[in-house]
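# Examination of the molecular architecture
Next come the chains, spelled out residue by residue.
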Amino acid sequence: MEKKIPYKIYLSENEMPQYWYNVRADMKNKPAPLLNPKTHAPMTAEELEAVFCRELVQQELDDMNRQIPIPEEILDFYKMYRPAPLVRAYCLEKKLDTPAKIYYKFEGNNTSGSHKLNSAIAQAYYAKKQGLKGVTTETGAGQWGTALSMACSYFDLDCRVYMVKCSYEQKPFRREVMRTYGADVTPSPSETTEVGKQILAAHPGTGGSLGCAISEAVETATGTEGYRYVLGSVLNQVLLHQSVIGVETKTAMDKYGIKPDVIIGCAGGGSNLGGLISPFMGEKLRGEADYRFIAVEPASCPSLTRGRFAYDYCDTGMVCPLAKMYTLGSGFIPSANHAGGLRYHGMSSVLSQLYNDGLMEARSVTQTAVFDAAVQFARVEGILPAPESSHAIRIAIDEAMACRESGEEKTILFGLTGTGYFDMYAYEKYNNGDMSDYIPTDEDLKAGFDGLPQI
Ligand SMILES: *Cc1c(COP(=O)(O)O)cnc(C)c1O
């Protein structure tokens, strides 16, 4: 007999994931290795350990182990805000008058307001275990900095955050949340690092970028005894930690015999999308099931849909390892878009490889279309979504509307990565009709491509 499907599916304690799933183990074409920015040779574990925590380096390089057990201490922390609900968007379906079934996995139920806490707590745990004093990082919109501040205060670690200057000024309350959790927050670029001084000399008055803030955070970590650098997206280890989203979702769907036809997520550096799709992609890679996967990115920062698949610097100061990824070039500075979490020039190597192999699709959407979807969703489903998450909502609605045309009863799953309470400046612009769309021209993109390293 078919089980009655609750409108909100929560896993019980004994159903909670006990391991992260490493999709690289099932990939035939593995993501390309990180390269030393000076010698262009693959980075060794030893070299990486100068920048990153030891166990995280092992996870970064691990292309073989399918399941990585989640340490007890991290499981305990997850209990505070997980399981995340898998919600059937009945009201949205009704409003759209679609035969499609729409589900979303909601990751906004914690103070950081996003999925980023899933990896922040893991990274803080391994830093503590290694006996470190503290960690440094960058933050753009502020979600990652907030998540890491929470994780560091839990494990009693110092946390130094370089926050992109325009966000620091635009989102003073984000900054205060971080300080409340004990973090030290510096607007970037700053005079506190050599690379910050260089960037300020070259671009006086700049509002900064994620690439600049990363360079500053890395310089501080490598120059301070007992510190390492941690990153909130892009890296393999971050995708691995975020697989807790996908494993939970798949367990919940399997329990009720629900099979998604299409799985959608927004893509900044690729961690939430990578985490959500990982176990489903694993089945596809092993030939056990088929799904469509769609990455959604802003038209103003279209790394998958218009970028090059090439080795590139991960930061503006060119101090980080080189990664092979879809990229717009490390010198590309996207226009002021309100989805701060999607303004990174590159994309996770794992997702880049899967996309290049034709296993995943990508779409780009303009920000006014995204906010149309955000408002439509907020009014019927109650949750005020983050601008980043609303990229996924846009395409989920488009897919559901296509089902209305065709009469197909597809099951659509999307990742609702977070809430938008700190983005009211963006909503205000939209509500006032002052929001505009900027799509870079080929000429604009060329400048970024011209700066790609020759490898
Ligand atoms: C950071 C962020 C994203 C984008 O990051 P990914 O690494 O691509 O997942 C999406 N949504 C929210 C709410 C975020 O904070």
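The paragraphs below set out a description of the structure included in this document. Everything numeric here is computed off the predicted structure, so don't read it as measured data. (Residues numbered from 1 in each chain as written. Predicted model: local features only at pLDDT ≥ 70, side-chain atom pairs only at ≥ 80, totals over all residues. Heavy atoms only, no water.)

## As for the site of the ligand
For the ligand, the set of nearby residues contains 18 residues, the closest of which are Lys 116, Ser 233, Gly 268, Ser 271 and Asn 272. One nitrogen or oxygen atom from the side chain of Ser 233 is found 2.4 Å from an oxygen atom belonging to the ligand. The backbone of Gly 268 places a nitrogen or oxygen atom 2.7 Å from an oxygen atom of the ligand. Burial of the ligand by the protein chains amounts to 98% of its free accessible area of 380 Å². Most atoms of the ligand, that is more than half of them, are within 2 Å of grid points of the largest cavity. Its residues assigned to classes, the shell around the ligand shows four nonpolar, 12 polar and two charged. (Near = heavy atom within 4 Å. Polar contact = N/O pair within 3.5 Å; in protein donor to acceptor, adjacent residues only side chain to side chain. Areas by Shrake-Rupley, 256 points an atom, 1.4 Å probe, with all protein chains shown as cover. 1 Å grid on protein atoms, 1.4 Å probe; cavity = no way out; pocket = protein on both sides within 12 Å on 5 of 7 lines; lining within 4 Å. Sits in = over half its atoms within 2 Å of the grid points. Nonpolar A, V, L, I, M, F, W, Y, C, P; charged D, E, K, R; others polar.)

## Some points on empty space enclosed by the protein
One pass over the full model with this rule turns up three cavities of 30 Å³ or more. There is about 380 Å³ of room inside the largest cavity. Of all the elements in the fold, those that place two or more residues in the lining of the largest cavity are strand 6 (134-139), helix 6 (143-155), helix 10 (210-223), helix 12 (271-285) and helix 16 (387-406). In the lining of the largest cavity, the residues fall into 10 nonpolar, 18 polar and three charged. Counting only domains with at least three residues in the lining of the largest cavity, you end up with domain 1 (21-69 + 116-229) and domain 2 (82-113 + 242-450). Taken as a whole, the second largest cavity encloses approximately 70 Å³ of empty space. Surrounding the second largest cavity, Leu 34, Phe 52, Ile 214, Tyr 229, Leu 231, Leu 235, Cys 314, Cys 320 and Pro 321 form its lining. (Points joined across faces, edges and corners; volume = space filled by probe spheres on them. Helix = DSSP H or I, 4+ residues; strand = E, 2+ residues; numbered from the N terminus. Domains from an automatic or database assignment.)

## A look at the packing of helix 15 (residues 367-381) against helix 16
Between helix 15 and helix 16, the least distance of the axes is 8 Å, while the angle of their chain directions is 85°. Relative to helix 16, the element helix 15 is oriented roughly perpendicular. Between helix 15, through Ala 369, Val 370, Phe 371, Asp 372, Ala 373, Ala 374, Gln 376 and Phe 377, and helix 16, the contact on the second element is made entirely by Pro 387, Ser 390, His 391, Ile 393, Arg 394 and Ile 397. Residue composition of the contact of helix 15 with helix 16, grouped by class: nine nonpolar, three polar and two charged. (Axes fitted to C-alpha atoms, helices over the stretch in contact; angles between N-to-C directions. Parallel < 35°, antiparallel > 145°, perpendicular 65-115°, else oblique. Contact = heavy atoms within 4.5 Å.)

## Focus: the nonpolar core
Ranked by internal contacts, the top residues of the largest apolar core, which has 76 residues, are Trp 20, Ile 74, Met 281 and Met 360. The biggest single contributor to this core is helix 5 (residues 117-129), with eight residues. Per-domain counts for this core show at least three residues from each of domain 1 (21-69 + 116-229) and domain 2 (82-113 + 242-450). The contact partners of Met 360, leaving out residues within four places of it in the chain, are Leu 273, Ile 277, Met 281, Phe 293, Ala 295, Leu 304, Leu 351, Leu 354 and Tyr 355. Ala 89, Leu 96, Ile 294 and Ala 400 belong to the second-largest nonpolar core, a separate cluster that totals 35 residues. (Core = buried A, V, L, I, M, F, W, Y, C linked by side-chain atoms within 4.5 Å. Buried < 20%, exposed > 50% of the residue type's maximum accessible area, 1.4 Å probe, protein only.)

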